[in-house]
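# Examination of the molecular architecture
One letter stands for each residue in the lines below.
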Amino acid sequence: MNHWIIAPVLIPALAGMLLLLEVRERHRLRRITGLLSCAAMLAVAIFLGDQAWSGEITVYALGNWQAPFGIVLVLDKLSALMLVLTAVLAFPALLYACCGDDRRGANFHALFQFQLMGINGAFLTGDLFNLFVFFEVLLIASYGLALHGRGPERVKAGLHYVVLNLVGSALFLIALGLVYGTTGTLNMADFAVKAQELTGTDATLLSIAVLMLWVVFGLKAALFPLYFWLPAAYAGATAGVAALFAIMTKVGFYAMVRVYALAFADGPFAGLGQAALWWLALVTLGLACIGVLGAKRLGTLVSYLVVMSVGTLVAALAFGQLEALGPALYYLLHSTLICGGLFLLTDLIARGRGEVADHLQIGPAILNGGRLSVLFFVAAIAVVGLPPLSGFVGKVALLRSVPDTSYWVLLLVAGLCGLIAMSRAGSTLFWRTTGEGSGLRPARRHLVAVLWLLVLSPLMAVYAEPLLQLTTAVADQLRNPDLYLSAVLGGGA
Amino acid sequence: MELLVAIIIGVLVASGVYLCLRARTFPVVMGLTLLSYGVNVFLFSMGGLKMNQVAVVGMSPDPTDPLPQALVLTAIVIGFAMTAFLVVLALRSQGELHNDHVDGKPDDGGRS
């Protein structure tokens, strides 16, 4: 059995525990431990990605209890892709936080590692209840991180975030109870097989469970009407944390894709809730446009861009079933990285402007604002989807694979709204200034972290063809759930 | 038996939802606690309800399903930790915002 699969969960778990053990305030050691753990995760994720790329689906039975009785971790192309994305995003986010933000509260580094453990675990697990547990791990760490640093705004947004997610967890448990009650299993593969054989009342109960799962995943992904918590929580969080949170909504999307591809792509439950998902996604997209245009702070603006990307992705999933998944995954990579980069950049701009921070109003000029304005320009082009950067490639690929008028109109309008909002924000922040400011100059590490994330967008545009082939291959593997089922259930190890 | 459990779950969840929709943090915390109790009993009953049977195969002619018990245990532990966290958060919000309204708004004359 290949033990490397569990490494993305174990590395942050061990690092987190080590970080908890340090009694004295030794910031340097903590930072090095955290960054080393992130670097190790990146290496392991790339190694696992290489392994998954051969098309083999690797199954790791925890405690050697064979599926469907024990809990399994499953590594296929989709999990590997998400693991790499997490690691690529986590390193610069932590690097950015290491410039001082981590000292504004206790245990930042340990929480950061536990959050990564939850995210990686959610991407790897092949068991529905285990998915719930990893969701809780990543959520409880995110509660701590969202509240990191003080301030009434943060506490208020944090309270809403926590209460909403606790209700979400209760719904998740009810759905899992129904799944177990009707199919007698919680293993995703086994569940997918047993679900096809249900009839009568059991089938109705399972449909209810599935719709509840959609609600829970929709809450995590911030889909209308469950996205209202996001802008306040994300805009209020510390920059490094907000950048890492850019992937949290994608965890919800991942869970949708996984469960959908396994159990509901065809069979008696095909298309369950799909029409509703489609309209909700379109409404999300529309409301995100309004949010982007109405945002009074750059942080809120970027948060609505995250909501916009979620609407775009879920609509693509709901429309094309799995046909549009290849381009959607490319767009997911692009939007996660660029939104993460934008959260970091927002903080740099806010620091540079001093008192007015990231409020979109006339304020003092940013000290040495030239470099930041170039970065902002690049990020804005990428995120709204203008040529030549990755946003454009992603949107063109999505438009080609989702031939639907309302989607086309909404996606193009969303691009236009994003463009208007970003150019208005940019001109306010960089041009409408009142003399020299008293803000802080960005440190070199800050710039490295931001550059890391922003440089990936031009790279993704240059290597668009191989990357799109890669994401299409991921989607092809998902379209063929028998591979997954036979890997998990057939023969076991 | 089934009817009794169903009624208990219904009452717990209904009271939980009602309290969650209140505007003060304390009722919301209580509501979430009741909600999680309801969910726990629900999970417990998912393996089928049996009287006086142990959860070990071979020790009784008709053993009860052990898995929901394990699930409930996990759910209870997680729910307990979350409730503790929420209480701390509610206290801090009370301290920082000087009132216990969930939106952090000043008192509106006790109408909520």
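Remember, predicted model here, so these are calculated numbers, not experimental data.

Cut-off values and rules
- Residues numbered from 1 in each chain as written.
- Chains lettered and ligands numbered in written order.
- Predicted model: local features only at pLDDT ≥ 70, side-chain atom pairs only at ≥ 80, totals over all residues.
- Helix = DSSP H or I, 4+ residues; strand = E, 2+ residues; numbered from the N terminus.
- Rg over C-alpha atoms; globule rule 2.2 N^0.38 Å.
- Buried ≥ 20, exposed ≤ 12 C-beta atoms within 10 Å, placed from the backbone.
- Contact = placed C-beta atoms within 7 Å.
- Nonpolar A, V, L, I, M, F, W, Y, C, P; charged D, E, K, R; others polar.
- Pairing = 2+ DSSP bridges.
- Axes fitted to C-alpha atoms, helices over the stretch in contact; angles between N-to-C directions.
- Parallel < 35°, antiparallel > 145°, perpendicular 65-115°, else oblique.
- Left-handed = near helix turned anticlockwise from the far one by under 90°.

A separate point is the overall build of chain A. From N to C terminus, chain A includes 20 helices and 4 strands. Since a compact globule built from 493 residues should have a radius of gyration of about 23 Å, the 22 Å found for chain A is in line with a globular shape. Relative to its full complement of 493 residues, chain A shows a buried share of 60%. Here the contacts in chain A between residues at least 6 apart in sequence split such that 80% fall between residues at least 24 apart.

As a further point, take the overall build of chain B. When helices and strands are tallied, chain B shows 3 helices and 0 strands. Projecting the C-alpha coordinates of chain B onto the three principal axes gives extents of approximately 60 × 25 × 15 Å. For chain B, contacts bridging at least 24 residues in sequence account for 48% of all contacts bridging at least 6.

Moving on, we come to the interface of chain B and chain A. Each partner contributes to the interface: chain B provides 25 residues, whereas chain A provides 20 residues. Those elements that place two or more of their residues in the side of chain B that touches chain A are α2 (25-44) and α3 (67-97) of chain B. When residues in the side of chain B that touches chain A are grouped by element, the largest group, 14 residues, is from α3 of chain B. Split into classes, the residues belonging to the side of chain B that touches chain A amount to 19 nonpolar, 4 polar and 2 charged.

Residues and elements named next belong to chain A. By the alternation rule, side chains of strand β2 (residues 72-75) split into V72 and V74 and L73 and L75, which are all buried. Where strand β1 (residues 58-61) lies against β2, 4 bridges are found, and the strand directions are antiparallel. Each bridged residue has a counterpart across the sheet, and for T58 the counterpart in β2 is L75.

Following both chains from N to C, one finds helix α5 (residues 128-146) of chain A and α3 of chain B inclined at 10°, their axes separated by 12 Å at the closest point. For the element pair α5 of chain A / α3 of chain B, the angle class is roughly parallel. Relative to α3 of chain B, the crossing made by α5 of chain A is left-handed. Where α5 of chain A approaches α3 of chain B, its residues F129, V133, E136, I140 and Y143 of chain A are matched on the opposing element by L71, T74, I78, A81, M82 and F85 of chain B.

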